[in-house]
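# Structure assessment
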Amino acid sequence: MGENAMSREQHDRLANAIRALAMDAVEAAKSGHPGLPMGAADIATVLFTKFLKFDPKATDWPDRDRFVLSAGHGSMLLYALLYLTGHEDVTLDEIKRFRQLDSKTPGHPENFVTRGIETTTGPLGQGLANAVGMALAERMLNAEFGKDLVDHFTYVFASDGDLMEGISQEALAFAGHLKLNRLIVLFDDNGISIDGKISLSDSTDQVARFKASGWNGVRIDGHDPVAIEKAILDAQKSDRPTLIACKTHIGYGAPTKVDTAGAHGSPLGEKEIEGARKNLNWTYGPFEIPADILESWRKFGSRSADARASWKKRVDESTKKAEFERRLHGKLPNGLGAAIEALKEKAVAEKPEIATRKSSENTLEAICAVAPEMIGGSADLTGSNNTRTKAMKAVSADNYAGHFINWGIREHGMAAAMNGMALHGGVIPFSGTFLVFADYCRPSLRLAALMGTRVIHVMTHDSIGVGEDGPTHQPVEHLAALRAIPNLYVFRPADQVETAECWDAALRLEESPSVLALTRQNLPALRLKNEKGNLCKQGAYELSPASGEALVSLFASGSEVSLCIAAQKELEKNGVPTRVVSVPCMDLFFDQPESVRDRVIGTAPVKLACEAAIRMGWDEIIGSDGQFVGMTGFGASAPYKELYKRFGITTDAIVEAATKALPTQAAAKKSAAH
């Protein structure tokens, strides 16, 4: 665009409104980061008045440009812009309530709290990686639906800290490889972090670094609106993503704290603010924005209304309208349920003895045939994760129309970019790695859960069943650690039928991410009847009832369910009525009403759980006095069957533990009755 010529004086007044609001809000809250908004105000003013395509009256306009404040600590920059441009959620009263309980202006930007915010940032580097996913989703949907419906830029405002975090390397290398030329990063090159000058800990030439990964890179004066405008114009015309390193002064205008860490993460103080007002020629009181400045900002905020109206007309006239809108609204295709049921019928008939990673591949073949929004991928483990269906073509810099992404060995960047893709809308990203590498993804998984993005992580090789690769690759604590994240649903199916149901349940969680923990080793078919409906969506269900009133209830997930079925047969032979409960998703189970949980858990005096992982989390089901057969430490390198014997995760161990517990539980029950 590069429109709306204005004098330097006009520009300065608009930019100083941002600076003043940031100073005043942080001072009122006695908490926050004034330095970044003050230093970045010139960049933001040029971007929002001349380039950014957005409409405050329609914050969910699908073809808006995306603006990601990766340096989330500088949130007052974004809140000031949202208020000044007329976004309804951010009023002046909300600015005054910065960082207060239930305000629309929390300490870091939260997209689930405030409309107009694209993603939740604060953990540095995440926003940059999210933006890579947004830019990728834009190119993919552009290739599928055409530029009349999808044609926008993704802008990122990034700090030194964003670029120091390791995730930034994963994200920028991937973006450069795919030549995501609609991605423009504005780097706030102020040379200051919390501890002081960046030179204390880093001497990287960031422009050279980005160029080495296939980006354009330029350096400009971040306080020169003409230079900022030219750099963005050039970036928009590029065939590659662009880094614009904007040399700025943190705390611009502050008389003594400018260019110091003192402006970074603390209020400036009344005296410093008074001096800043004088230096900026800002003669207005706290939170006071002159009518002419606010009017100018509001006009800039409404300048894309005609573009949105034109876009809406194109959508209405498009033959692709129905599918386009279904995808953007996140509605699943009508054929999904039938596809899942057909797969279940086939599995019941054929009773395949296969690894659940293969069961997942079979399920994806069925799902992706009816759901073109499914975008697969893997962190260089495609053949192991089984996340690429036969029909999937790879996405490349020459062809964005594919449905499979080769992420490379970049688990953290992959998970963050998937969040960005989901936030963009129109696609449902899923990807693969080993469960043990969930730790490489964890910060992005946590943010996915916080934001409520529908992303699905296929994590295979889910236990000591990995075998010979040994303890470095054998997850032990990972299931418990993932289950500990609120709003993250961890599925661990036991066979083909359960795997299909778990995929179906995960896809129907519109505001939650999921992990599917899947086996390397083959497992027997356990669901031998074709029940209609999804038993796994309850999280746990009785798979095999007892012959009479149960004395023992066995609970398990995934590969250990078959061990419990075998143990049930032995216990029943010994005259001990025993039931087996499959627990494919503990998180879904805990969401159920108490009456449902009580019914599934049952009243058997002996409750035993078996999982090739640590006990943590199972006491909610079996009680602190329940029995547990599983892991208590790390694994070892050997064929997996030997490992199950070594660590005592066997049918015999289950039978022995349940049998030993019977007299104790019976005595306790008798004592309680008296």
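Please refer to the structure higher up on the page.
Numbering of residues begins from 1 in every chain and follows the order in which that chain's sequence is written. Local features in this predicted model are restricted to residues whose pLDDT is 70 or higher, and side-chain atom pairs enter the listing and the counts only when it is 80 or higher, whereas totals over whole chains, interfaces and linings include all residues. With hydrogens and water excluded, all non-hydrogen atoms of the structure serve as input to the side-chain values.

### Considering the pairing of strand β3 (residues 183-189)
Selection rule: Burial classes: relative accessible area under 20% of the type maximum marks a residue as buried, over 50% as exposed, and values in between as partly exposed (1.4 Å probe, protein chains only). Counting from the N terminus, the helices are DSSP H or I runs at least four residues long and the strands are E runs at least two residues long. At least two DSSP bridges between two strands are required for those strands to pair.
Judged by how many residues are buried, β3 sits mostly within the fold: seven of seven residues are covered. A two-sided burial pattern is seen for β3, the buried positions comprising Leu-183, Val-185, Phe-187 and Asp-189 on one face and Ile-184, Leu-186 and Asp-188 on the other. With six bridges joining them, strand β2 (residues 154-159) and β3 adopt parallel strand pairing. Each bridged residue has a counterpart across the sheet, and for Val-156 the counterpart in β3 is Val-185. Summarising the sheet, β3 and strand β7 (residues 242-247) pair through six bridges and their orientation is parallel. Residue pairing for β7: Asp-189 is matched across the bridge by Lys-247.

### Some thoughts on the pattern of salt bridges
The cut-off we apply is this: Salt bridges are defined by distance alone: a side-chain nitrogen of Lys or Arg within 4 Å of a carboxyl oxygen of Asp or Glu.
Inspection of the entire model under this criterion finds 43 salt bridges. A salt bridge links Lys-30 to Glu-27; the nearest nitrogen and oxygen atoms lie 3.3 Å apart. By relative accessible area, Lys-30 is classed as exposed at 56%. Take Glu-27: its relative accessible area is 12%, and that puts it in the buried class. Because the salt bridges share partners, they merge into one network encompassing Glu-144, Glu-323, Arg-326, Arg-327 and Glu-373.

### Some remarks on the nonpolar core
Spelled out, the test is: Put simply, a nonpolar core is a bunch of buried Ala, Val, Leu, Ile, Met, Phe, Trp, Tyr and Cys residues held in one set by side-chain atoms that sit within 4.5 Å of each other. In this analysis, two residues are considered to be in contact whenever any of their non-hydrogen atoms come within 4.5 Å of each other.
In terms of nonpolar packing, the biggest core is built from 67 residues, with Met-374, Phe-491, Trp-503, Leu-507, Leu-554, Ile-649 and Ile-654 touching the most fellow members. Sort the elements by how many residues they give to this core and helix α26 (residues 651-673) lands first, with seven residues. With sequence-adjacent residues up to four places away left out, Trp-503 is seen in contact with Ser-360, Thr-363, Leu-364, Ile-367, Met-374, Phe-430, Ile-456, Val-458 and Leu-516. Counting 57 residues, the second-largest nonpolar core is a separate cluster that includes Ile-43, Ala-44, Leu-77 and Leu-84.

### As for the packing of helix α12 (residues 305-317) against helix α13 (residues 321-328)
Applicable threshold: As a rule, the C-alpha atoms of each element are fitted with a line to give its axis, helices using only the stretch in contact, and angles between N-to-C directions run from 0 to 180 degrees. By the definition adopted for this analysis, an angle is roughly parallel if under 35 degrees, roughly antiparallel if over 145, roughly perpendicular if from 65 to 115, and oblique otherwise. Three classes are used, and their members are as follows: Ala, Val, Leu, Ile, Met, Phe, Trp, Tyr, Cys and Pro are nonpolar, Asp, Glu, Lys and Arg are charged, and the others, Gly among them, are polar.
With their axes 8 Å apart at the nearest point, α12 and α13 run at an angle of 120° to one another. Regarding the angle of α12 to α13, the classification is oblique. Each of Trp-311, Val-315 and Asp-316 in α12 lies in contact with α13, whose residues at this interface are Lys-321, Phe-324 and Glu-325. Here the residues of the contact of α12 with α13 sort into three nonpolar, no polar and three charged.

### A closer look at the packing of aromatic side chains
We count it as follows: Any Phe, Tyr or Trp ring, taking Trp's six-membered ring, that has another such ring centre within 6.5 Å forms a pair; planes under 30 degrees apart are called stacked, those over 60 apart edge-to-face, and the others tilted. Whether a charge sits over a ring comes down to the Lys NZ or Arg CZ being within 6 Å of the ring centre and within 35 degrees of the ring normal.
Under the defined criterion, the tally for this structure stands at 15 aromatic pairs. Where Phe-48 meets Phe-54, the ring centres are 5.5 Å apart and the plane angle is 65°; that geometry is what we call edge-to-face. For the pair Phe-48 and Phe-54, a shared accessibility class is recorded, and that class is buried. With 4.9 Å between their ring centres and 90° between their planes, Phe-210 and Trp-215 make a pair best called edge-to-face. The pair Phe-210 / Trp-215 is uniform in exposure class, with both members buried. These aromatic residues form a ring-pair network of at least three members: Trp-61, Phe-145, Trp-311 and Phe-324. The aromatic ring of Phe-153 is capped on one face by Arg-182, whose charged end is 4.2 Å from the ring centroid. Sitting over the face of the ring of Tyr-83, Arg-298 holds its NZ or CZ atom 5.2 Å from the ring centroid.

### Focus on the environment of Leu-563
Tracing the backbone through its elements, the reader meets Leu-563 in helix α21 (residues 561-573). Residue classification places Leu-563 among the buried positions, given a relative accessible area of 18%. The spacing of Leu-563 and Ile-654 is 91 residues in sequence and 8.1 Å in space, taken between C-alpha atoms. With residues up to four places along the chain from it excluded, the contact list for Leu-563 reads Tyr-644, Ile-649, Thr-650, Thr-651 and Ile-654.

### Notes on unusual backbone geometry
One non-glycine residue, Lys-351, lies in the positive phi region at around 50°. As for its placement among the helices and strands, Lys-351 is situated in the loop between α14 (336-350) and α15 (356-368). Overall, the relative accessible area of 43% leaves Lys-351 in the partly exposed class.

### What about the packing of helix α1 (residues 8-29) against helix α11 (residues 291-301)?
For the pair α1 and α11, interaxial distance at closest approach is 10 Å and the crossing angle is 95°. Relative to α11, the element α1 lies roughly perpendicular. Within the contact between the two elements, α1 uses Arg-13, Leu-14, Ala-17 and Ile-18 and α11 uses Asp-292, Ile-293, Ser-296, Trp-297 and Phe-300. Its residues assigned to classes, the contact of α1 with α11 comprises six nonpolar, one polar and two charged.

### Concerning α15
Using the following cut-off: Between the first and last residue of a helix there are one fewer steps than residues, each counted as 1.5 Å, and that sum is the expected span.
Spanning 13 residues, α15 covers 18 Å between terminal C-alpha atoms, matching the ideal 18 Å at 1.5 Å per step. Summarising burial for α15: 10 of the 13 residues are buried, a large majority. If you check which residues of α15 are buried, you get Thr-356, Arg-357, Ser-359, Ser-360, Glu-361, Thr-363, Leu-364, Ala-366, Ile-367 and Cys-368.

### Describing the pairing of strand β15 (residues 552-556)
The two faces of a sheet get side chains in turn, since along a regular strand they alternate between them. We count it as follows: If the strands point away from the viewer and the path from the first strand over the helix to the second runs clockwise, then the crossover is right-handed.
Along β15, five of the five residues are buried, which leaves the element largely enclosed by surrounding structure. Where burial is concerned, the two faces of β15 agree: the one with Val-552, Leu-554 and Ala-556 and the one with Ser-553 and Phe-555 are both buried. Sheet analysis places β15 next to strand β16 (residues 578-582), joined by five bridges and oriented parallel. For Leu-554, the partnering residue across the bridge sits in β16 and is Val-580. Note on the crossover from β15 through α21 to β16: the handedness is right-handed. Pairing analysis gives five bridges linking β15 to strand β17 (residues 606-611), with the strands arranged parallel. Bridging from a neighbouring strand, Val-552 pairs with Val-606 of β17.

### Section: the layout of surface pockets
Basically, it comes down to this: Detection works on a 1 Å grid of protein atoms alone, calling trapped sets that fit a 1.4 Å probe cavities and calling open sets with protein on both sides within 12 Å along at least five of seven lines pockets, with lining residues defined by an atom within 4 Å of a point. Grid points are joined across faces, edges and corners, and a volume is the space filled by probe spheres set on the points.
Its boundaries defined by the atoms lining it, the largest pocket holds a volume of some 1400 Å³. Lining the largest pocket are 49 residues, and of these Asp-60, Arg-64, Leu-328, Leu-423 and His-424 lie nearest its centre. Of all the elements in the fold, those that place two or more residues in the lining of the largest pocket are β1 (66-69), α3 (75-84), α12, α13 and α17 (411-424).

### A few points about the sheet that holds strand β6 (residues 216-221)
The strand order β1-β2-β3-β7-β6 describes an open sheet built from five strands, whose pairing is parallel. Because the sheet does not close on itself, it has two edges, and the strands there are β1 and β6. Between one strand and the next, the sheet's axes are offset by a mean angle of 20°, whatever the strand orientation.

### Details of the environment of Ile-244
Residue position: Ile-244 is located in strand β7. As for Ile-244 and Val-185, which are separated by 59 residues in sequence, their C-alpha atoms are 6.1 Å apart. Residues within four places of Ile-244 in sequence aside, it is in contact with Ile-184, Val-185, Leu-186, Phe-187, Val-218, Ile-220, Ala-231, Ile-232 and Ala-235.

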